[in-house]
Amino acid sequence: MKDRTIERKDLTSSAAAVLSGKTKGWRRVLPFLGPAFIASVAYIDPGNFATNIAAGSRYGYLLLWVILFSNLMAILIQTMSAKLGIATGRNLSEVARDRFPFPVRIFLWIQAEIVIIATDLAEFIGAALGLYLLFDIPMIAAALIAAAGSFAILELQRRGLRSLEAAITGMVLIVVVAFGIQVFISRPEAGPLVAGLLTPKFEGVDSILLAAGILGATVMPHAIYLHSALTQKRVVGTNDSEKKKIFRFEFVDIIIAMALAGVINASMLIVASALFFQNGLDVSDLDVAFQKFGELISPFSAQLFGIGLLAAGLSSSTVGTLSGDVVMQGFIQKRIPIYLRRFITMLPPLVIIILGVNPTHALVLSQVVLSFGIAFALVPLILFTSDRKLMGSLVNAKWTTNIAWVIAGVIIVLNIFLLTQSL
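Residues numbered from 1 in each chain as written. Predicted model: local features only at pLDDT ≥ 70, side-chain atom pairs only at ≥ 80, totals over all residues. Heavy atoms only, no water.

### Section: the overall build of the protein
Right, so step 1: When helices and strands are tallied, the protein shows 18 helices and zero strands.
Right, so step 2: Here the protein holds 423 residues, and 57% of them are scored as buried.
Right, so step 3: Sequence-distant contacts in the protein: of pairs separated by 6 or more residues, those separated by 24 or more amount to 84%.
Right, so step 4: Of the roughly 17,000 Å² that the protein leaves accessible, carbon and sulfur atoms contribute 67%. (Helix = DSSP H or I, 4+ residues; strand = E, 2+ residues; numbered from the N terminus. Buried < 20%, exposed > 50% of the residue type's maximum accessible area, 1.4 Å probe, protein only. Contact = heavy atoms within 4.5 Å. Areas by Shrake-Rupley, 256 points an atom, 1.4 Å probe, with all protein chains shown as cover.)

Structure below.
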């Protein structure tokens with residue numbers, strides 16, 4: 001606890017030097033980097049691997065534009081979330097608790113917990129699958145090792161926020177490097193890639209369903225709750241001028257982190273397009289993708305894929321646990337020990353692994369559940385950040401609010417379509 005207090009003082013001191021103008025140049029942004037990197041991990045979890053690989057192998061570069069648009073949506077959404085924490089000193093679930101009647105906030109809490117369980121399902125299974133693919137360890141044993149790894153990362157939180165941020169940022173960079181090398185090796189065609197990135201279109205109902213899955217895997221409800229909690233007390237502005245400065249620096253953090261997440265997601269689809277689609281392979285299972293990487297390129301390429309999956313699974317499982325703690329405390333003012341929460345949320349994926357359910361199918365199903373939770377986090381976020389009395393000088397511009405409502409509308413319509421097609 002003493003170390004965390006010292007760390008907090010150091011961070012506050014560094015930020016104060018920036019706000020007062022004593023720190024100049026690029027170093028000004030350093031005290032504010034971190035929150036968006038933790039939140040961004042939710043955008044590259046193993047569920048993204050499943051949907052992006054499936055989309056690339058089945059439709060080539062066709063749905064690459066969906067990743068671009070999803071990432072732009074994510075930037076706007078995470079910006080509003082971070083801004084809410086900076087402006088109010090409270091996170092999204094705390095503001096919702098104060099402003100919504102009891103039945104509404106209980107409903108929001110329960111659905112948020114369900115979404116986080118679905119999130120943890122994807123992340124935990126992904127980490128276990130990564131270990132299984134890399135080291136040929138039985139899935140049950142891999143799941144237990146993944147559990148130990150996720151507890152170890154959570155332990156970093158006890159050592160201070162900066163330690164956790166550094167560890168998660170390092171894992172994000174591992175995924176970036178892994179897929180950067182994959183893209184280089186796979187040698188995608190520039191023309192079709194650019195066309196897929198800039199030309200919005202679908203090919204039948206199945207492509208729309210996959211697009212909804214990509215959206216559900218990219219814009220994550222629990223990251224919306226978590227980001228506001230990460231910024232609410234990290235650096236506290238004493239007046240509107242300081243809060244505006246803090247927000248400007250946090251926006252740089254968001255742009256960098258979300259850009260990295262977008263590049264990773266795009267790289268997954270590009271690699272699947274260049275290798276699987278071009279060879280007429282419809283690859284929907286991650287273990288099959290691992291095998292095909294080894295066959296079509298080299299064992300090293302397969303290992304890179306497994307390392308990326310493992311790093312994404314371990315880091316994102318920690319973010320899911322932190323998010324669960326935030327929503328429980330915010331909505332009902334209760335907390336359970338973080339390790340107990342980690343243990344509880346590990347049980348459903350462990351049961352699925354023990355029962356022998358196809359891991360990739362479980363990942364895709366989790367993304368469908370996630371897509372239904374986005375609106376329940378996004379609508380309150382838009383309402384709150386558009387309220388001048390609540391937000392002060394950081395209130396949304398009118399165009400921001402209008403775009404945010406359009407995004408919410410698109411997400412809700414896609415979810416309704418997904419539900420009708422599933423039924």
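Structure shown, so let's carry the discussion forward.
### A short note on a nonpolar patch on the surface
Right, so step 1: Among the surface-exposed residues, Leu-68, Phe-69, Leu-72, Val-194 and Leu-198 lie close enough to one another that they form a single nonpolar patch of about 450 Å² accessible area.
Right, so step 2: For the nonpolar patch, the secondary-structure elements that each account for two or more residues are helix H4 (64-88) and helix H9 (190-198).
Right, so step 3: No other element matches the three residues that H4 contributes to the nonpolar patch.
Right, so step 4: Under the relative-accessibility criterion, Phe-69 is labelled partly exposed at 39%. (Patch = residues over 30% accessible without salt bridge, like charges linked within 9 Å, V, L, I, M, F, W, Y side chains within 5 Å. Salt bridge = Lys/Arg side-chain N within 4 Å of Asp/Glu carboxyl O.)

### Side note on the packing of helix H3 (residues 46-59) against helix H12 (residues 240-277)
Right, so step 1: Viewed as axis vectors pointing N to C, H3 and H12 meet at an angle of 40°, and their least axial separation amounts to 7 Å. The handedness of the crossing between H3 and H12 comes out as right-handed. Contacts between H3 and H12 involve Asn-48, Phe-49, Asn-52, Ile-53, Ala-55, Gly-56, Ser-57, Arg-58 and Tyr-59 from the former and Asn-265, Met-268, Leu-269, Ala-272, Ser-273, Phe-276 and Phe-277 from the latter. (Axes fitted to C-alpha atoms, helices over the stretch in contact; angles between N-to-C directions. Left-handed = near helix turned anticlockwise from the far one by under 90°.)

### Description of the pattern of salt bridges
Right, so step 1: The final tally for this structure, using the stated rule, is seven salt bridges.
Right, so step 2: A salt bridge links Glu-113 to Arg-341, with the shortest nitrogen-to-oxygen separation between them at 3.1 Å. Here Glu-113, found in helix H6 (residues 102-135), pairs with Arg-341, found in helix H15 (residues 338-355); they are 228 residues apart in sequence, far enough to count as distant.
Right, so step 3: A salt bridge links Glu-295 to Lys-292; its shortest N-O distance comes to 3.3 Å. Linking Glu-295 with Lys-292, this pair stays in helix H13 (residues 286-296), spanning three residues, or about one helical turn.
Right, so step 4: Beyond isolated ion pairs, a larger network of salt bridges with shared partners links Arg-90, Arg-97 and Asp-98.

### A few points about the nonpolar core
Right, so step 1: Judged by nonpolar contacts, the single largest core of 73 residues is most densely connected at Phe-49, Ile-53, Phe-124, Phe-276, Phe-293 and Phe-305.
Right, so step 2: In this structure, Ala-212, Val-327, Ile-374 and Leu-394 belong to the second largest nonpolar core, which totals 44 residues. (Core = buried A, V, L, I, M, F, W, Y, C linked by side-chain atoms within 4.5 Å.)

### Thoughts on the environment of Ile-75
Right, so step 1: Tracing the sequence through the fold places Ile-75 in helix H4.
Right, so step 2: With 184 residues separating them along the chain, Ile-75 and Ala-259 place their C-alpha atoms 8.6 Å apart.
Right, so step 3: In contact with Ile-75, not counting residues within four places along its chain, are Ile-254, Ile-255 and Met-258.

### Examining the packing of H4 against H9
Right, so step 1: Where H4 meets H9, the closest approach of the two axes is 6 Å, and the angle between their N-to-C directions is 45°. If you check the angle between H4 and H9, you find them oblique. Pair H4 / H9 crosses with right-handed handedness. Each of Leu-64, Trp-65 and Leu-68 in H4 lies in contact with H9, whose residues at this interface are Leu-193, Gly-196 and Leu-197. (Parallel < 35°, antiparallel > 145°, perpendicular 65-115°, else oblique.)

### A look at the packing of aromatic side chains
Right, so step 1: As enumerated under the stated definition, the model contains twelve aromatic pairs in all.
Right, so step 2: Note on Trp-65 and Phe-69: the rings are 5.6 Å apart at their centroids and 80° apart in plane angle, and the pair reads as edge-to-face. Within this pair, Trp-65 and its partner Phe-69 are both found in helix H4, separated by four residues, close to a single helical turn.
Right, so step 3: Between Trp-65 and Phe-202, the ring centres sit 5.4 Å apart and the planes meet at 65°, which makes this aromatic pair edge-to-face. Taken together, the residues span a long stretch of sequence, with Trp-65 in helix H4 and Phe-202 in the loop between H9 and helix H10 (205-218) at a distance of 137 residues.
Right, so step 4: Here Trp-65 falls in the buried class, since its relative accessible area comes to 12%. (Phe/Tyr/Trp six-rings, centres within 6.5 Å; stacked < 30°, edge-to-face > 60°.)

### Remarks on the side chain of Asn-265
Right, so step 1: With respect to the helices and strands, Asn-265 occurs in helix H12.
Right, so step 2: The buried category is assigned to Asn-265, whose relative accessible area is 1%.
Right, so step 3: At 3.0 Å, the side chain of Asn-265 and the side chain of Asn-52 are in polar contact.
Right, so step 4: Apart from residues lying up to four places away in sequence, Asn-265 is in contact with Tyr-43, Ile-44, Asn-48, Asn-52, Ile-67 and Thr-218. (Polar contact = N/O pair within 3.5 Å; in protein donor to acceptor, adjacent residues only side chain to side chain.)

### Considering the confidence of the model for the protein
Right, so step 1: On average, residues of the protein score 84 in pLDDT, and 89% of them are at 70 or above.
Right, so step 2: Throughout residues 1-6 the model reports pLDDT below 50, and contacts reaching past four residues in sequence, or to other chains, amount to four contacts. (pLDDT = per-residue confidence, 0-100.)

### A short note on helix H11 (residues 221-232)
Right, so step 1: The end-to-end C-alpha distance of H11, which contains twelve residues, comes to 18 Å, matching closely the 16 Å that a straight helix rising 1.5 Å per residue would cover.
Right, so step 2: Taken across its twelve residues, H11 has twelve buried, putting it largely inside the fold.
Right, so step 3: Every buried residue belonging to H11 is among Pro-221, His-222, Ala-223, Ile-224, Tyr-225, Leu-226, His-227, Ser-228, Ala-229, Leu-230, Thr-231 and Gln-232, and all of these are buried. (Expected span 1.5 Å × (residues − 1).)

### Quick look at unusual backbone geometry
Right, so step 1: The residue Asp-136 is not glycine, and still its phi comes out positive at about 55°.
Right, so step 2: If you trace the backbone, Asp-136 turns up in the loop between H6 and helix H7 (139-158).
Right, so step 3: Classification of Asp-136 as exposed rests on a relative accessible area of 63%.
Right, so step 4: The backbone of Arg-187 shows a phi angle near 50°, a positive value even though the residue is not glycine.
Right, so step 5: By the element assignment, Arg-187 lies in the loop between helix H8 (161-186) and H9.

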